[in-house]
Each structure stands twice: as structure tokens, then as C-alpha cells.
Amino acid sequence: MATYTILAADTSTTINTVALCQGTVEQPNNLTLLAESTVECNRLHSERLIMSIDALLEEAGIALSTVNLLAVSIGPGSFTGLRIGAATLKGFALAQNIPLMGVPTLDAMARIAAPFIVDADLLLCPMLDARMREIFAAIYRVHEGKLQKCSEDQVCSAQDFAQQINQLSCATPVLFGDGVAPYRDAFDTLVPQVRCLESNALGPRAWGVAAEALARLAQGLPTDAALVEPIYLRKSQAEINRERQNKASAAT
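So, here's what we can say about the structure. (Residues numbered from 1 in each chain as written. Predicted model: local features only at pLDDT ≥ 70, side-chain atom pairs only at ≥ 80, totals over all residues. Heavy atoms only, no water.)

Okay, the overall build of the protein next. For the protein, the count of helices and strands is seven helices and 12 strands. Over its C-alpha atoms the protein spans a radius of gyration of 19 Å, differing by no more than 12% from the 18 Å that the globule rule assigns to 252 residues. With respect to the three principal axes, the spread of C-alpha positions in the protein is 55 × 50 × 30 Å. The buried share of the protein, reckoned over its 252 residues, is 51%. The protein carries 19 positive and 26 negative side-chain charges, and their two centres are separated by 6 Å. (Helix = DSSP H or I, 4+ residues; strand = E, 2+ residues; numbered from the N terminus. Rg over C-alpha atoms; globule rule 2.2 N^0.38 Å. Buried < 20%, exposed > 50% of the residue type's maximum accessible area, 1.4 Å probe, protein only. Lys, Arg positive; Asp, Glu negative; His and termini not counted. Charge placed at Lys NZ, Arg CZ, Asp CG, Glu CD.)

Okay, here's the thing in C-alpha cells:
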């Protein structure tokens, strides 16, 4: 049973989180957490990420050359944060010839919450505030101890997501992540028996990225750094503004 030493990072939100873990593909949730840093950095990941990684390696007494798996959250989330995280971890992967696993942010969040769910009639619904009156969200179920994804990652309104939850099944949905608080009143009204959790403990955490990376490694998914790209789900505001300008210019 091979043991992996994993350096993982999540920069998809305003939280900068980095972790060093050890674990196996046979038991991805049974991680040994060697060191972790989780800091509200107001999206200043470019100033924080490499410094956090260096400090974590020093604290754990581990050289980067002994890490045999890198993992990074690839979104959805902050455009700038995702680019910084992916570029930084790809740089380490290429420089040190270490495999890199890209991990969808919502999958990692669900992986964190899954061990706390013992009721088979519950749905896991991680949500991130996407701004512009929208959320990034997906739906999961824990079945026979395994995490199952019931929807694609999506960007939508709280009202649209509530409708999808209601159509999926009669199971009780558990909503968590920073997308809950802004729309809690809407979900309380629209979704019967909904459970809304606003605890930061179930937000993006690097150890969840590491656990999900091991689970994906067990599925035989690739660890080629060149294949790791952010998942944005929608165009950036700069792209939207550019398209508007182009349309305006074409109309004149």
C-alpha cells in the first residue's frame, strides 16, 4: 500500500489554504495532516501562496523533493485566485517532476463534509458565492460510504438551484459554503426541510483537496501538470465588457 506525501492548495475563494498530508489511495479520507495553513487573505493569493508553502514545508521538516503528489483546486471560484493556484502548483510540478492532480473545488468541499453525513437520506450541496446574484454549486449523495455526484458543477441563481434540488429527490438537502448566507432566506422558503450550515469548517480547505486528489488517483485520472486548467463556468467581467464594447462598435 503506497503512501503519498501530498502538498495541496486551494485559492478558489478569499481563503488561502495550504496543507501537507500523507495518505493512500485505498483510504483517501483517512489522511494524516502534517501541517496546514488557512488564512483569510482577501484574495491576495499572489502575495501569500508561495510564502505559505515555504513556511509549511519548513514547519513539517519536509523537503519539496520528497513530496510525491501535488494537488490544486481548479474551480469554480475566483478567476484570479484559480489562475494563481494553478500556475504556482504547475510550476512546482514541472520544476520538481512531481505529479499534479487538478481537483474541482466543489468536489473537495463535498469530500470534507461526507464523513459527517451518516443519514442516507441527505444530499450534500456545497455552494460558493459567485457574486452577480449567482452561486457556484453542485449536488452529492453519500451512498454505502462512497461520495456520488448527482449534478454537474454549475453557476446559477439561488432560485434555480432550489428548483433543481426539489426536482432531484425528496431527500433532505444540507447546504454549506460561503454561498449559503447571502441566500439563506430564499432556500428556507423554497426548499422543504433544508438544512443550511454557515460554519467556515465546511468551506474550502486544502486537506479536502488532498483527500479528493487521492480518490481521483484511485480512479486512474491523469496527473499531468500540462492538463491542469481552471474551471471558470462563466466568462470573466473583463470578457463580458469586451464583448459589449465589440457589439457597440459593430452597431455604430
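Anyway, onward from the coordinates.
What follows deals with the packing of aromatic side chains. Following the criterion strictly, the structure yields two aromatic pairs and no others. Judged by centre distance (4.8 Å) and plane angle (20 degrees), the rings of Phe79 and Tyr232 are stacked. You can see Phe79 sitting in helix 2 (residues 79-96) and its partner Tyr232 sitting in the loop between helix 6 (206-218) and helix 7 (237-251), a full 153 residues away along the chain. Judged by its relative accessible area of 24%, Tyr232 is partly exposed. (Phe/Tyr/Trp six-rings, centres within 6.5 Å; stacked < 30°, edge-to-face > 60°.)

Membership of the largest hydrophobic core comes to 23 residues, with the highest contact counts inside it found for Leu7, Ile53, Val67, Leu70 and Leu100. Put simply, the parts of the chain that give this core at least two residues each are strand 1 (4-10), strand 2 (15-23), helix 1 (45-60), strand 4 (69-73) and helix 2. Residues Met127, Ile165, Leu175 and Val194 belong to the second largest nonpolar core, which totals 19 residues. (Core = buried A, V, L, I, M, F, W, Y, C linked by side-chain atoms within 4.5 Å.)

Burial along strand 5 (residues 100-103) is two-sided: Leu100 and Gly102 and Met101 and Val103, pointing in opposite directions, are all buried. As judged from the four bridges shared by strand 4 and strand 5, these two strands associate in the parallel manner. Within the sheet, the bridge partner assigned to Ala71 lies in strand 5 and is Met101. With helix 2 bridging strand 4 and the parallel strand 5, this β-α-β connection has right-handed handedness. (Pairing = 2+ DSSP bridges. Right-handed = clockwise from strand over helix to strand, strands pointing away.)

Running from N to C, helix 1 and helix 2 point in directions that differ by 35 degrees, and their axes come no closer than 10 Å. Relative to helix 2, helix 1 is oriented so that their crossing is right-handed. Taking contact as the criterion, the partners of His45, Ser46, Leu49, Ile50 and Ile53 in helix 1 are, on helix 2, Gly81, Ile84, Gly85, Thr88, Leu89 and Phe92. Looking at the contact of helix 1 with helix 2, its residues break down into six nonpolar, five polar and no charged. (Axes fitted to C-alpha atoms, helices over the stretch in contact; angles between N-to-C directions. Left-handed = near helix turned anticlockwise from the far one by under 90°. Contact = heavy atoms within 4.5 Å. Nonpolar A, V, L, I, M, F, W, Y, C, P; charged D, E, K, R; others polar.)

In the structure shown here, the tally under the stated rule is 10 salt bridges. Across the pair Glu134 and Arg234 runs a salt bridge whose closest N-O atoms are separated by 2.6 Å. Of this pair, Glu134 sits in strand 7 (residues 134-137) while Arg234 is found in the loop between helix 6 and helix 7, placing the two residues 100 residues apart along the sequence. The exposure class of Arg234 is buried, given its relative accessible area of 18%. Through salt bridges with shared partners, a single ionic network connects Asp107, Arg111, Lys149, Asp153, Glu212 and Arg216. (Salt bridge = Lys/Arg side-chain N within 4 Å of Asp/Glu carboxyl O.)

In space, the five strands of this open sheet follow the order 3-2-1-4-5, with mixed pairing throughout. The strands lining the two open edges of the sheet, one partner per strand, are strand 3 (32-40) and strand 5. Along the sheet, successive strands turn relative to each other by an average axial angle of 15 degrees, direction set aside. Relative to strand 4, strand 1 runs parallel, the two being bridged by four bridges. Pairing of Ala8 across the sheet is with Ala71, part of strand 4.

Structurally, Ile139 is set in the loop between strand 7 and strand 8 (140-143). Spatially, the C-alpha atoms of Ile139 and Met127 are 9.3 Å apart, while their sequence positions differ by 12 residues. Leaving out residues up to four positions away in the same chain, Ile139 has contacts with Leu123, Leu124, Cys125, Gln148, Lys149, Cys150, Ser151, Phe161, Ile165 and Leu168.

Burial within strand 2 is extensive, with seven of its nine residues counted as buried. Note that strand 2 and strand 3 share eight bridges and pair antiparallel. Directly across from Ile15, in strand 3, lies its bridge partner Glu40.

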